[in-house]
Amino acid sequence: RDIARTGLHTAEAVLITTVITDGLKLAAGRERPSLSPDDPNAFHLLGGLRGNSHRSFPSGHASGAFAVAAAVTAEVGYSVRGSRTFVAPLLFGAAGVVGLSRIYDNQHWASDVIVGAAIGTLVGYKVSRYTHQHPANTLDALLLGREEGDRSAAAASTRRPARGVLDGGIPITISIPAP
């Protein structure tokens, strides 16, 4: 159950982070360093609609990597006391490497990566915190089922806890094409 919860909350964090990041990319319209190497201030309102070369700010790779790092770190911290001390440096270090590689590949300015990292980290921690402060939220109840101690109206009508979509052992595979 802890693994399913961690996976669900991490997926939620990445989805929310992606929506925020992509919205900012379209609105800011910042040119990538490969297109405009001498002008880090090349922002054009709604310029992101012109194509990928105008979608530098913020870094989507960095925001996604930091959302995963923050959500998994928070979830593991809820499950195993004291584990954040070991998990956080590993996950955030790996996310930092993702951000640095985007700068090294001349796809993003450092500020793109920093803002992307901030968005991902904030959303990752906020999603995890919200879902643990509201354990009976609709999405968790639907996908994970209700916990045995949950006596809400929906679970009170049965003797066994309600089963969620992920309780039946449904294998879920996510495939991301490599560039």
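Presented here is an overview of the structure given in this document.

Cut-off values and rules
- Counting restarts for each chain: residues are numbered from 1 in the order of the written sequence.
- Reporting in this predicted model follows two pLDDT cut-offs: at least 70 for local features of residues, and 80 or more for side-chain atom pairs to be given and counted; totals over whole chains, interfaces and linings ignore these cut-offs and use all residues.
- Hydrogens and water are ignored here; the side-chain numbers use all heavy atoms of the structure.
- In this text, helices come from DSSP runs of H or I with a minimum length of four residues, and strands from runs of E with a minimum of two, each type numbered from the N-terminal end.
- Contact between two residues is taken to exist if any of their heavy atoms lie within 4.5 Å; hydrogens are not considered.
- Surface exposure here means Shrake-Rupley accessible area, sampled with a 1.4 Å probe, where a residue is shielded only by the protein chains that are shown.
- Here the term buried applies to any residue with accessible area under 20% of the maximum for its type, exposed to any over 50%, and partly exposed to those in between, with areas from a 1.4 Å probe on protein chains only.
- Every helix has an expected span of 1.5 Å times one less than the residues it contains.
- Every angle, taken between N-to-C directions, lies between 0 and 180 degrees, and every axis is a line fitted to C-alpha atoms, over only the stretch in contact when it is a helix.
- Roughly parallel means an angle under 35 degrees; roughly antiparallel, over 145; roughly perpendicular, 65 to 115; everything else is oblique.
- Each helix crossing is assigned a hand: it is left-handed if the near helix lies turned anticlockwise from the far helix by less than a right angle, otherwise right-handed if that turn is clockwise.
- By definition here, a salt bridge exists when the distance from a side-chain nitrogen of Lys or Arg to a carboxyl oxygen of Asp or Glu is within 4 Å.
- Charged residues are taken to be Asp, Glu, Lys and Arg, nonpolar residues to be Ala, Val, Leu, Ile, Met, Phe, Trp, Tyr, Cys and Pro, and polar residues to be all remaining types, Gly included.

**As for the overall build of the protein chain**
And then number 1: Scanning the protein chain from N- to C-terminus turns up six helices and zero strands.
And then number 2: Going from the N terminus to the C terminus, the protein chain shows its helices and strands as α-α-α-α-α-α.
And then number 3: Contacts in the protein chain between residues far apart in sequence, at least 24 positions, make up 63% of those at least 6 positions apart.
And then number 4: When the accessible surface of the protein chain is totalled, it reaches about 10600 Å², and 64% of it is carbon and sulfur.

**With respect to the environment of Thr-85**
And then number 1: Among the structural elements, Thr-85 can be located in helix H3 (residues 84–104).
And then number 2: The spacing of Thr-85 and Thr-73 is 12 residues in sequence and 9.3 Å in space, taken between C-alpha atoms.

**A word on the side chain of Ser-59**
And then number 1: Residue placement: Ser-59 occurs in the loop between helix H1 (2–28) and helix H2 (60–79).
And then number 2: Of the residues examined, Ser-59 reaches a relative accessible area of 0% and is grouped as buried.

**So, helix H4 (residues 110–133)**
And then number 1: Taking 1.5 Å of rise per residue, the 24 residues of H4 would be expected to cover 34 Å, and the 34 Å separating its terminal C-alpha atoms lies within 8% of that figure.
And then number 2: When we look at burial in H4, the residues that qualify are Asp-112, Val-113, Gly-116, Ala-117, Ile-119, Gly-120, Val-123, Gly-124, Val-127, Ser-128 and Thr-131.
And then number 3: Tucked inside the fold, the buried residues of H4 contact H1, H2, H3 and helix H5 (138–144).

**Describing the packing of H1 against H4**
And then number 1: The contact between H1 and H4 brings their axes to 9 Å, and the two run at 140°. Between H1 and H4, the angle is such that the two are oblique. The interaxial crossing formed by H1 with H4 has right-handed handedness. Judged by residue contacts, Arg-5, His-9, Glu-12, Ala-13, Ile-16, Thr-17, Ile-20, Thr-21 and Leu-24 of H1 engage Ile-119, Gly-120, Val-123, Gly-124, Val-127, Thr-131 and His-132 from H4.

**Here we look at unusual backbone geometry**
And then number 1: For Asn-106, which is not glycine, the phi torsion reads 65° and is therefore positive.
And then number 2: Mapping Asn-106 onto the fold places it in the loop between H3 and H4.

**Details of the pattern of salt bridges**
And then number 1: Considering all chains together, one arrives at one salt bridge under this definition.
And then number 2: For the salt bridge of Asp-112 with Arg-30, the shortest nitrogen-to-oxygen distance reads 2.5 Å. With Asp-112 in helix H4 and Arg-30 in the loop between H1 and H2, this pair connects stretches of sequence that are 82 residues apart.
And then number 3: The class of Asp-112 is buried, set by a relative accessible area of 0%.

**Details of the packing of H2 against H3**
Helix packing geometry: the angle between the two helix axes and the distance between the axes.
And then number 1: Where H2 contacts H3, the axes come no closer than 8 Å and their chain directions differ by 175°. Between H2 and H3, the angle is such that the two are roughly antiparallel. Every residue of H3 that contacts H2 at His-61, Ala-62, Ala-65, Phe-66, Ala-69, Ala-70, Val-72, Thr-73, Ala-74, Val-76, Gly-77 and Tyr-78 is listed here: Arg-84, Val-87, Ala-88, Leu-91, Phe-92, Ala-95, Gly-96, Val-98, Gly-99 and Arg-102.
And then number 2: Of the residues assigned to the contact of H2 with H3, the class counts are 15 nonpolar, five polar and two charged.

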